[in-house]
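# A closer look at the structure
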Amino acid sequence: MGPVEKAVRDDVEQLGDLVGVEPSLTELAFTLAGRIDSAATGRCDTCGEPVAQDDKLLPQLSRELRQTLAQVLEGRAADDDDDLGDLGSPD
């Protein structure tokens, strides 16, 4: 596991229980992060041997990872019920 995948897994772990489409989105994020690590290190996904780097896919993979993680967080923001958020109002 490379540094990007480890960071994504650590971030997802902090979210707690996953609901709805979050499990599939996070698995996609793990896969994308792994591909980013492979592209950055020039290692074969299957055997781990060094291979010629192909950085052409890195920007696209990075964008996809950001969008996938944003979708996970977007769903979380809608469910964020702050029971104490109205403490400043006199009601």
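Provided above is the structure to which this section pertains.
Note that the coordinates shown come from a computational prediction; the quantities given were computed from them, not determined experimentally.

Reading guide: rules and limits
- Residues numbered from 1 in each chain as written.
- Predicted model: local features only at pLDDT ≥ 70, side-chain atom pairs only at ≥ 80, totals over all residues.
- Heavy atoms only, no water.
- Salt bridge = Lys/Arg side-chain N within 4 Å of Asp/Glu carboxyl O.
- Helix = DSSP H or I, 4+ residues; strand = E, 2+ residues; numbered from the N terminus.
- Buried < 20%, exposed > 50% of the residue type's maximum accessible area, 1.4 Å probe, protein only.
- Lys, Arg positive; Asp, Glu negative; His and termini not counted.
- Contact = heavy atoms within 4.5 Å.
- Arc of directions from axis to C-beta.
- Core = buried A, V, L, I, M, F, W, Y, C linked by side-chain atoms within 4.5 Å.

Scanning the model with the defined rule gives 2 salt bridges in all. With its nearest N and O atoms 3.0 Å apart, the salt bridge here joins Arg9 to Glu5. Remark: Glu5 and Arg9 occur in helix 1 (residues 3-13); sequence separation between them is 4 residues, near one turn of the helix. One salt bridge connects Lys6 with Asp10, and the closest N-O pair in it is separated by 3.0 Å. Of this pair, Lys6 and Asp10 both sit in helix 1, 4 residues apart, which is roughly one turn of that helix.

With respect to the element layout, Asp37 can be found in helix 2 (residues 22-41). The buried charged residue Asp37 lacks any salt bridge partner; its closest oppositely charged side chain belongs to Arg9, at an N-O distance of 8.4 Å. In this view, Asp37 contacts Gly2, Pro3, Val4 and Glu5; residues no more than four positions away in its chain are not counted.

Given 3.6 residues per turn, any residue in an α-helix points the same way as the ones three and four places further on. For helix 1, the set of buried residues is Glu5, Val8 and Val12. Buried residues in helix 1, looked at end-on, bunch into an arc of 65°, giving them a common side. Of the exposed residues in helix 1, the ones pointing more than 90 degrees away from its buried face are Pro3 and Glu13.

Attention shifts here to the nonpolar core. Among the nonpolar cores identified, the biggest contains 9 residues, and these are Val8, Val12, Ala29, Phe30, Leu32, Ala33, Ile36, Leu61 and Leu65. Listed by contribution, the elements that provide at least two residues to this core are helix 1, helix 2 and helix 3 (58-79). Looking at which element gives the most residues to this core, the answer is helix 2, with 5 residues. Those residues within four positions of Ile36 in sequence are excluded, and the remaining contacts are Val4, Leu58, Leu61, Ser62 and Leu65.

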